[in-house]
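# Architecture and fold: a report
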Amino acid sequence: MAARQRRRADLRPLGLLSGPRRLEDHLAVVLEGADPLPPRRLPLLEALDLVLAEDVVAGMSLPRFDGSSMDGYAVLAADVAGASDDAPVVLDVTGDVPAGAADVPPLAPGRAVRVMTGATVPVAEGAAAADVAVVQVEWTDAAQTGPAPARVAVRRPVGPGRNVRRAGEDVEEGETVLRAGERLSPRHLGLLASLGRPAVLVHPRPRVLVLSTGTEVVEPGEPLGPGQIHDSNSTVLVAACREAGADARRVRAVEDEPERLLAALAPELAGADLVLTTGGVSAGAYEVVKEALSRPLPGGAGGADGPAVDFVRVAMQPGGPQGSGWLAAPDGRRVRVLTLPGNPVSAYVSFEAFVRPWLRRVLGEVELQRPLVEAVVDRGWRSVEGKRQLYRVRLERDHDGVAHVGAIGGPGSHLVADLVTATALAVVPEEVTDVRPGDTLACMLLERGSTAVTGPPRPTTTEPGGPVA
Ligand SMILES: Nc1nc2c(c(=O)[nH]1)N[C@H]1C(S)=C(S)[C@@H](COP(=O)(O)OP(=O)(O)OC[C@H]3O[C@@H](n4cnc5c(N)ncnc54)[C@H](O)[C@@H]3O)O[C@H]1N2
Ligand code: MOO
């Protein structure tokens with residue numbers, strides 16, 4: 001009895017007795033130790049889409065000086081108050097100011113100074129800056145090109161301050177314009193450039209290494225022998241990581257040989273924050289990832305005698321076989337290792353469920369998940385009792401804006417073309433086995449910035465509700 005109890009106690013940490021892990025429990029394990037990467041100052045264009053790690057205080061006002069928003073003539077508004085087509089006001093032109101000119105003559109009462117868009121507006125002699133206005137050239141008798149005339153006839157009145165961009169009306173020097181935590185869009189970068197900042201403090205991109213495994217897996221472009229297929233997982237995963245903001249690369253797929261796998265990984269750990277493997281984790285005889293990473297390895301999750309990677313089953317479909325652990329980099333850092341299943345749809349769905357949230361966390365994002373949209377089911381399908389299903393669907397909106405989804409193809413985890421036709425993953429709760437028309441499900445949108453899809457789906461070869469996995 002005591003021996004049996006001890007044996008059960010030995011097995012429990014390995015997850016062998018506890019049954020499948022819930023999806024959110026595995027996500028919590030994946031996110032353990034995932035903190036935003038230490039901030040680095042990067043040139044603006046390398047910081048696109050990254051999360052700001054500092055508040056940005058304006059070191060100058062924007063605009064920096066009172067400037068003209070029109071090509072025309074700076075005047076005192078009072079001088080042209082009575083101007084009309086029938087009775088133009090004629091003023092002597094005493095200066096000419098292109099944009100960027102350092103030498104700006106003052107504006108005397110009863111005079112005009114020609115100014116270009118973006119040029120500094122002259123200071124008024126004997127009047128307040130607010131009394132100056134710019135008359136656009138079309139409202140005068142002056143030619144639009146060529147040298148400034150000696151005199152200009154103004155045909156319409158302009159109010160004080162008209163066509164003048166005031167210093168500081170956009171940003172005041174000393175104002176906090178951006179806050180730590182904001183994600184830098186092109187517009188944010190433009191503001192930073194306007195403020196004269198060449199670089200900005202951000203959480204940098206995590207470096208991800210993707211390694212496919214399988215003796216049957218061959219590089220695209222290389223000939224296939226009997227029983228061989230092209231490696232698609234590493235391409236999908238590197239692209240998905242890059243789309244999510246990571247700096248991802250792939251190494252050539254390794255054969256089902258644990259020593260080869262460890263030899264392929266070792267030199268890469270120095271340049272990685274995350275290692276993703278695909279394949280070799282289920283229940284068969286040649287599970288290379290499981291064999292290699294079940295060993296105690298330097299920096300591994302299990303300490304001196306436990307496995308580097310903890311292999312578990314997650315109660316989800318697809319994506320059941322998962323693993324998470326750590327390996328040591330040469331500089332002593334612990335590199336996160338996530339082992340994803342080899343079936344292509346399973347690998348991609350695992351990315352959405354676990355890898356994307358990890359990446360978003362280390363990128364400094366607060367919202368880790370894709371947006372969810374409630375959608376009404378048009379064509380139903382079957383699910384597996386006790387498993388959270390993430391089912392490929394195509395989401396469309398009707399004329400009332402209501403989102404509808406229909407199953408795309410079958411549930412098989414090898415159907416990569418159907419995965420392209422899908423635009424969302426419908427989340428089917430564990431207790432639901434039959435998804436029926438009229439049901440409402442939360443759906444994870446896969447398309448960037450798109451909730452509506454137009455056009456018919458491509459015909460699929462597989463019927464919904466066929467064999468699972
Ligand atoms: N007896 C059992 N068999 C399987 C189980 C199980 O519980 N008991 N689980 C199934 C499920 S679910 C999945 S998912 C897969 C996971 O398998 P592995 O992670 O070990 O992956 P492989 O066996 O290496 O490959 C599975 C499948 O995917 C193809 N593959 C692998 N790598 C790639 C790649 N880089 N690009 C494209 N396709 C790839 C591979 O050829 C296989 O067809 O296990 C089930 N089996
Ligand atoms: O979990 Mo497997 O990922 O169902 O195909």
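Here the structure is a predicted model, which means the values were calculated and not measured. (Residues numbered from 1 in each chain as written. Chains lettered and ligands numbered in written order. Predicted model: local features only at pLDDT ≥ 70, side-chain atom pairs only at ≥ 80, totals over all residues. Heavy atoms only, no water.)

## As for the overall build of the protein
Helix and strand counts for the protein come out as 8 helices and 28 strands. Expected size for 469 residues packed as a compact globule is a radius of gyration near 23 Å; at 32 Å, the protein overshoots this value by more than 25%. Viewed in the frame of its principal axes, the protein has a C-alpha envelope of about 110 × 55 × 50 Å. The 469 residues of the protein split such that 46% are buried. Restricting to contacts in the protein with at least 6 residues of sequence separation, those with at least 24 account for 71%. (Helix = DSSP H or I, 4+ residues; strand = E, 2+ residues; numbered from the N terminus. Rg over C-alpha atoms; globule rule 2.2 N^0.38 Å. Buried < 20%, exposed > 50% of the residue type's maximum accessible area, 1.4 Å probe, protein only. Contact = heavy atoms within 4.5 Å.)

## Focus: the domain arrangement of the protein
As assigned here, the protein comprises domain 1 (23–38 + 204–363), domain 2 (40–62 + 169–203), domain 3 (67–165) and domain 4 (372–445). Relative placement of domain 1 and domain 4: their C-alpha centres are 27 Å apart. Taken together, the 14 residues of domain 1 in the interface contact 17 residues of domain 4. Summing the contributions of domain 1 and of domain 4, the shared interface buries around 1,300 Å²; its carbon and sulfur component is 63%. Its largest share of buried area at the contact with domain 4, domain 1 owes to Ala-315, Gln-317 and Val-345, together 44% of the area lost on that side. At the boundary of domain 1 and domain 4, one finds 1 salt bridge. Among the salt bridges present, the one from Glu-24 reaches Arg-388, with a minimum N-O distance of 2.7 Å. Our count for the contact surface shared by domain 1 and domain 4 stands at 7 residue pairs in polar contact (both at pLDDT 80 or more). Taken together, the elements giving at least two residues each to the side of domain 1 that touches domain 4 come down to α2 (23–30), β19 (316–317) and α7 (344–362). (Domains from an automatic or database assignment. Buried area = accessible area lost by both parts, 1.4 Å probe. Salt bridge = Lys/Arg side-chain N within 4 Å of Asp/Glu carboxyl O. Polar contact = N/O pair within 3.5 Å; in protein donor to acceptor, adjacent residues only side chain to side chain.)

## Description of the environment of Asp-231
With respect to the helices and strands, the residue Asp-231 is situated in the loop between β15 (229–230) and α4 (233–243). As a C-alpha pair, Asp-231 and Pro-220 span 11 residues in sequence and 6.5 Å in three-dimensional space. Excluding residues that lie within four positions of it along the chain, Asp-231 makes contacts with Ser-212, Val-217, Val-218, Glu-219, Pro-220, Arg-250 and Ala-253. Within polar-contact distance, the side chain of Asp-231 engages the side chain of Ser-212 at 3.0 Å. Reaching out from Asp-231, the side chain makes a polar contact with the side chain of Ser-234 at a distance of 2.7 Å.

## Re a negative patch on the surface
Together, Glu-169, Asp-170, Glu-172 and Glu-175 give the surface a local cluster of negative charge. Mapping Glu-175 onto the fold places it in the loop between β10 (164–165) and β11 (176–178). Assessed through its relative accessible area of 32%, Glu-175 is described here as partly exposed. (Patch = residues over 30% accessible without salt bridge, like charges linked within 9 Å, V, L, I, M, F, W, Y side chains within 5 Å. Areas by Shrake-Rupley, 256 points an atom, 1.4 Å probe, with all protein chains shown as cover. Lys, Arg positive; Asp, Glu negative; His and termini not counted. Charge placed at Lys NZ, Arg CZ, Asp CG, Glu CD.)

## Looking at unusual backbone geometry
That bond from Leu-62 to Pro-63 is cis: its omega, -15°, falls within 30 degrees of zero. Relative to the helices and strands, Pro-63 resides in the loop between β3 (56–57) and β4 (67–68). Look at the link from Gln-317 to Pro-318: it is a cis peptide, with omega at -5°. Locating Pro-318 in the fold gives a position in the loop between β19 and β20 (321–328). Here Asp-49, not a glycine, exhibits a phi torsion of approximately 75°, which is positive. By the element assignment, Asp-49 lies in the loop between β1 (40–43) and β2 (51–52).

## Comments concerning the pattern of salt bridges
Per the stated rule, a full pass over the model turns up 30 salt bridges. Linked through salt bridges whose partners overlap, the residues forming this network are Arg-22, Glu-24, Arg-388 and Glu-430.

## Overview of the site of ligand 1
Close to ligand 1 lie 23 residues; Glu-216, Asp-231, Val-281, Ser-282 and Gly-342 are nearest. Contacts to ligand 1 include Gly-342, whose backbone N or O atom sits 2.8 Å from an oxygen atom. In isolation ligand 1 exposes 860 Å². Once the protein is present, 69% of that is buried. Only β13 (207–213), β15 and α7 provide two or more residues apiece to the shell around ligand 1. Of the residues belonging to the shell around ligand 1, the class tally is 7 nonpolar, 12 polar and 4 charged. (Near = heavy atom within 4 Å. Nonpolar A, V, L, I, M, F, W, Y, C, P; charged D, E, K, R; others polar.)

## What about the site of ligand 2?
Residues in contact with ligand 2 amount to 9 residues; listed here are only the nearest, Gly-319, Gly-320, Asn-343, Ser-346 and Ser-413. At 2.7 Å from an oxygen atom of ligand 2 is found a main-chain nitrogen or oxygen belonging to Gly-320. In the shell around ligand 2, the residues fall into 3 nonpolar, 6 polar and no charged.

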